[in-house]
Amino acid sequence: MIFKYKCEPFNGPIKPATVIFVSAGPEALDRTDELSSFRLQAQQHLSCGAFKGGRLDTLPLFCGQDTWLVMVGLGNLEELTEATLLEAAAKAGQTLASLRVKEAVVCLPSLAFGSIKTFELIVVGFKLALEPRFNYKTTKTDPPLALRQLTFQTPSASNFIDRSKVILSRSETAALAQLEARRLTDGPASVITPESLAKEAVEAGLAKMFKVTIWDETKLEIEKCGAILAVGRGSSRQPRMVIIEYQGAAGLAADPATIIIGKGVTFDSGGLCLKPSENMALMKTDMAGAAAVLAVMKAAATLKLPQRLVGLMPLAENMPDGAAYRPGDIITTMSGQTIEVINTDAEGRLLLADALTLAQKYNPARLIDIATLTGACQIALGDRCAGLFCEHQTLLKTIQNAGEAVGEKFWPMPFISEYEESLKSDLADFKPSAARAGGAINAALFLRRFVKKDIPWAHLDIAGTARNSHATAGFPEGATGFGVRTILKILTDG
Ligand code: BES
Ligand code: MN
Ligand code: ZN
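Residues numbered from 1 in each chain as written. Chains lettered and ligands numbered in written order. Predicted model: local features only at pLDDT ≥ 70, side-chain atom pairs only at ≥ 80, totals over all residues. Heavy atoms only, no water.

## Quick notes on the overall build of the chain
Consideration 1: When its secondary structure is counted, the chain shows 13 helices and 19 strands.
Consideration 2: The principal-axis extents of the C-alpha atoms in the chain amount to approximately 75 × 50 × 45 Å.
Consideration 3: Here the chain holds 494 residues, and 56% of them are scored as buried.
Consideration 4: By element, 54% of the accessible surface of the chain is carried by carbon and sulfur atoms, the whole surface being about 20500 Å².
Consideration 5: For the chain, the centre of its 52 positive side-chain charges and the centre of its 52 negative side-chain charges are spaced 4 Å apart. (Helix = DSSP H or I, 4+ residues; strand = E, 2+ residues; numbered from the N terminus. Buried < 20%, exposed > 50% of the residue type's maximum accessible area, 1.4 Å probe, protein only. Areas by Shrake-Rupley, 256 points an atom, 1.4 Å probe, with all protein chains shown as cover. Lys, Arg positive; Asp, Glu negative; His and termini not counted. Charge placed at Lys NZ, Arg CZ, Asp CG, Glu CD.)

## Remarks on unusual backbone geometry
Consideration 1: Of note in the backbone geometry, Q65 takes a positive phi value of approximately 50° without being a glycine.
Consideration 2: Mapped onto the elements of the fold, Q65 is located in the loop between β3 (58-62) and β4 (68-75).

## Description of the site of ligand 1
Consideration 1: Neighbouring ligand 1 are 16 residues, the closest being K275, D286, D345, E347 and G375.
Consideration 2: Here an oxygen atom of ligand 1 sits 2.8 Å away from a polar atom, N or O, in the side chain of K275.
Consideration 3: Measuring from an oxygen atom of ligand 1, one finds a side-chain N or O atom of D345 at 2.8 Å.
Consideration 4: Split by residue class, the shell around ligand 1 holds three nonpolar, six polar and seven charged. (Near = heavy atom within 4 Å. Polar contact = N/O pair within 3.5 Å; in protein donor to acceptor, adjacent residues only side chain to side chain. Nonpolar A, V, L, I, M, F, W, Y, C, P; charged D, E, K, R; others polar.)

## Re the coordination of the zinc ion (ligand 3)
Consideration 1: Protein-derived coordination of the zinc ion (ligand 3) comes from K263 (NZ), D268 (OD), D286 (OD) and E347 (OE), at a distance range of 2.0 to 2.4 Å.
Consideration 2: Because the angles between the six donor atoms bound to the zinc ion (ligand 3) fall within 79 to 175°, the donor set is best described as octahedral.
Consideration 3: In primary-sequence terms, the residues that donate to the zinc ion (ligand 3) follow K-x4-D-x17-D-x60-E.
Consideration 4: Here the zinc ion (ligand 3) and the manganese ion (ligand 2) are spaced 3.2 Å apart, and both take D268 as a donor. Of the two residues, D286 sits in the loop between β10 (264-268) and α8 (288-302) while E347 sits in the loop between β13 (338-340) and α9 (348-359), which places them 61 residues apart along the sequence. The pair D286 / E347 is uniform in exposure class, with both members buried. (Donors = N, O, S within 2.8 Å, 3.2 Å for Na, K, Ca; no water. Tetrahedral: all angles 85-135°; square planar, octahedral: opposite > 155°, others 65-115°.)

## Some details on the coordination of the manganese ion (ligand 2)
Consideration 1: For the manganese ion (ligand 2), the protein coordination sphere consists of D268 (OD), D345 (O), D345 (OD) and E347 (OE), at 2.0 to 2.2 Å.
Consideration 2: Classification of the site at the manganese ion (ligand 2) as irregular follows from its six donor atoms and the range of 74 to 169° in their angles at the metal.
Consideration 3: Expressed as a motif, the donor residue spacing for the manganese ion (ligand 2) is D-x76-D-x1-E.
Consideration 4: Given the relative accessible area of 23%, D345 is considered partly exposed.

## Overview of the side chain of N468
Consideration 1: By the secondary structure assignment, N468 is in strand β18 (residues 467-468).
Consideration 2: Its relative accessible area of 5% is what places N468 among the buried residues.
Consideration 3: A distance of 2.9 Å separates a polar side-chain atom of N468 from the backbone oxygen of F475.
Consideration 4: When near neighbours in sequence (up to four residues on either side) are disregarded, N468 contacts F475, P476, E477, G478 and T480. (Contact = heavy atoms within 4.5 Å.)

## With respect to the pattern of salt bridges
Consideration 1: What the rule picks out here adds up to 26 salt bridges.
Consideration 2: Here E317 ties to R237 by a salt bridge, and the two come within 3.3 Å at their closest N and O atoms. Residue E317 is found in strand β11 (residues 309-318), and its partner R237 is found in the loop between α7 (226-232) and β8 (240-246); the two are separated by 80 residues along the sequence.
Consideration 3: Classification of R237 as partly exposed rests on a relative accessible area of 31%. (Salt bridge = Lys/Arg side-chain N within 4 Å of Asp/Glu carboxyl O.)

## Observations concerning the packing of α9 against helix α12 (residues 439-448)
Any two packed helices are characterised by how steeply their axes cross, that is the angle between the axes, and by the distance between the axes.
Consideration 1: Axis separation between α9 and α12 bottoms out at 9 Å; the angle between their running directions is 30°. Judged on the interaxial angle alone, α12 and α9 are roughly parallel. Like other packed secondary-structure pairs, α9 and α12 cross with a definite hand, here right-handed. Between α9 and α12, the residues in contact are R349, L350, L352, A353 and L356 and A443, F446 and L447, respectively.
Consideration 2: Grouping the amino acids of the contact of α9 with α12 by side-chain chemistry returns seven nonpolar, no polar and one charged. (Axes fitted to C-alpha atoms, helices over the stretch in contact; angles between N-to-C directions. Parallel < 35°, antiparallel > 145°, perpendicular 65-115°, else oblique. Left-handed = near helix turned anticlockwise from the far one by under 90°.)

## Structural notes on the sheet that holds strand β6 (residues 149-154)
In a beta sheet, neighbouring strands pair by backbone hydrogen bonds and run either parallel or antiparallel.
Consideration 1: In space, the six strands of this open sheet follow the order β1-β6-β5-β2-β4-β3, with mixed pairing throughout. For this open sheet the edge positions go to β1 (2-7) and β3, each flanked by a neighbour on one side alone. In this sheet, neighbouring strand axes are inclined to one another by 25° on average, regardless of whether the strands run parallel or antiparallel.
Consideration 2: Packing of helix α3 (residues 115-130) onto the sheet brings it into contact with β1, β2 (17-23), β5 (103-107) and β6, and relative to β6 it is tilted by some 160°. (Pairing = 2+ DSSP bridges.)

## Remarks on the domain arrangement of the chain
Consideration 1: Domain assignment breaks the chain into domain 1 (4-133 + 142-156) and domain 2 (187-492).
Consideration 2: Taking the mean C-alpha position of each, domain 1 and domain 2 sit 38 Å from one another.
Consideration 3: Counting from both sides, the interface comprises 13 residues of domain 1 and, opposite them, 13 residues of domain 2.
Consideration 4: In this assembly, domain 1 packs against domain 2 so that about 1000 Å² is buried in total across both faces, 55% of it on carbon and sulfur atoms. (Domains from an automatic or database assignment. Buried area = accessible area lost by both parts, 1.4 Å probe.)

## Here we look at the environment of Q378
Consideration 1: For Q378, the location among the structural elements is in helix α10 (residues 375-381).
Consideration 2: We classify Q378 as partly exposed; its relative accessible area is 38%.
Consideration 3: Taking the C-alpha atoms as reference points, Q378 and D426, separated by 48 residues in sequence, lie 31 Å from one another.
Consideration 4: Not counting residues within four places of it along the chain, the set of residues in contact with Q378 comprises A463 and G464.

## Considerations on α3
An α-helical segment advances 3.6 residues per turn. Residues three or four places apart therefore align on the same side.
Consideration 1: For α3, spanning 16 residues, the distance from its first C-alpha to its last is 22 Å, which sits close to the expected 22 Å at 1.5 Å a residue.
Consideration 2: Among the 16 residues in α3, 13 count as buried, and that is most of the element. (Expected span 1.5 Å × (residues − 1).)

Encoded structure:
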């Protein structure tokens, strides 16, 4: 589909469809004073109360002669968030799709977010809603999308007409990256395996010209990645470590890099500490972090970001088997530190332990890991907000601000030193805590032991946000691709 941008006055409901965003309250249309030509139709429906402009309320109005005016509510402007604006656009996109129009004009509202950010969020919302989603159904129920062209229009003698192409393609790239992460994450564990993900990375490297190195089991042995090997041992599918190096502008391979690590457990059965069967199917999502890393690296290359980036994807399947690692096992991690395994279901932090150790060999300017790590984090923050563990104030702010800008929430979580007690082991250097209380914090404390103090490091726990339990506008049930656009925003901002 083609996205276009035009800076010209709105000129009445346009064939076949025009989208306007309307806020709740008496000022609904006054705020969007440029809408004069739509005022009559819109005002009638507002004054009779048929449409109140409530958050994500949608009204497609037939204006005769194959012309539609689609009104989408933003709710009270004081409460309007980036996420709501994105969802409103997604809602509009879904409505256009169901009207089966071939073309539409979207009137960009003037909002406190500023014109560029408003534009970006709306483009992403439409893109997320309109791209077809892959499935395995033998009978395709959804007819192909009729919409061919969307024109975003603004009358406010806009300052970014010359940059609109760049902003458009940047927003589309970000949305596509998020969709790619969703595709990988939604894929069943029989298809999305450590090997297949490594292959995807290699293919991406060939297409996008970045360097991809794959470590197989033998190489992992040589590199002493004892933790990754332990987790992978119970599966017939070998673990992998994928190392993606993107150089950006001319520079040295040893230049400081932003390093992103994504947990890649292609299926988390819990291992010998088997999970209950209820909801076990959802554990194909346990590689959402790795999917985000791959999607971000590809998008960074597409956008030709001028900086050095390293993406690490530790990949394994956590299964019970005669060869599986056991509670009580002592493993030597790549860092040399020994760990006493307590619960084989705490596998993610083991993968991350070795990956964090490896990351520090690449001269990290900053280090971010993203992982569906703990059920505790999901319980604490729900499915719309990720846990953000970071003791480096600048990096913490950077992540929170980037998240806010793209409509993803990250809430700062504490490292509580008292809980280090639960990491004590009599036999090994320490153990991953198996305490349920403070579970997300305990995991972060464990990870911290693998990161040198002076390195700006952030740990993002996306256990809650990686999956959507029910469909919302632009977010079908299933993988969300959460984190992709936040990380891209951090990278594009420098
Ligand atoms: N992959 C899970 C965490 C998870 C739970 C992600 C729910 C998404 C939704 C992780 O590997 C795990 O099993 N964590 C355990 C840790 C415990 C055994 C210390 C947990 O959270 O219960
Ligand atoms: Mn687990
Ligand atoms: Zn897991």
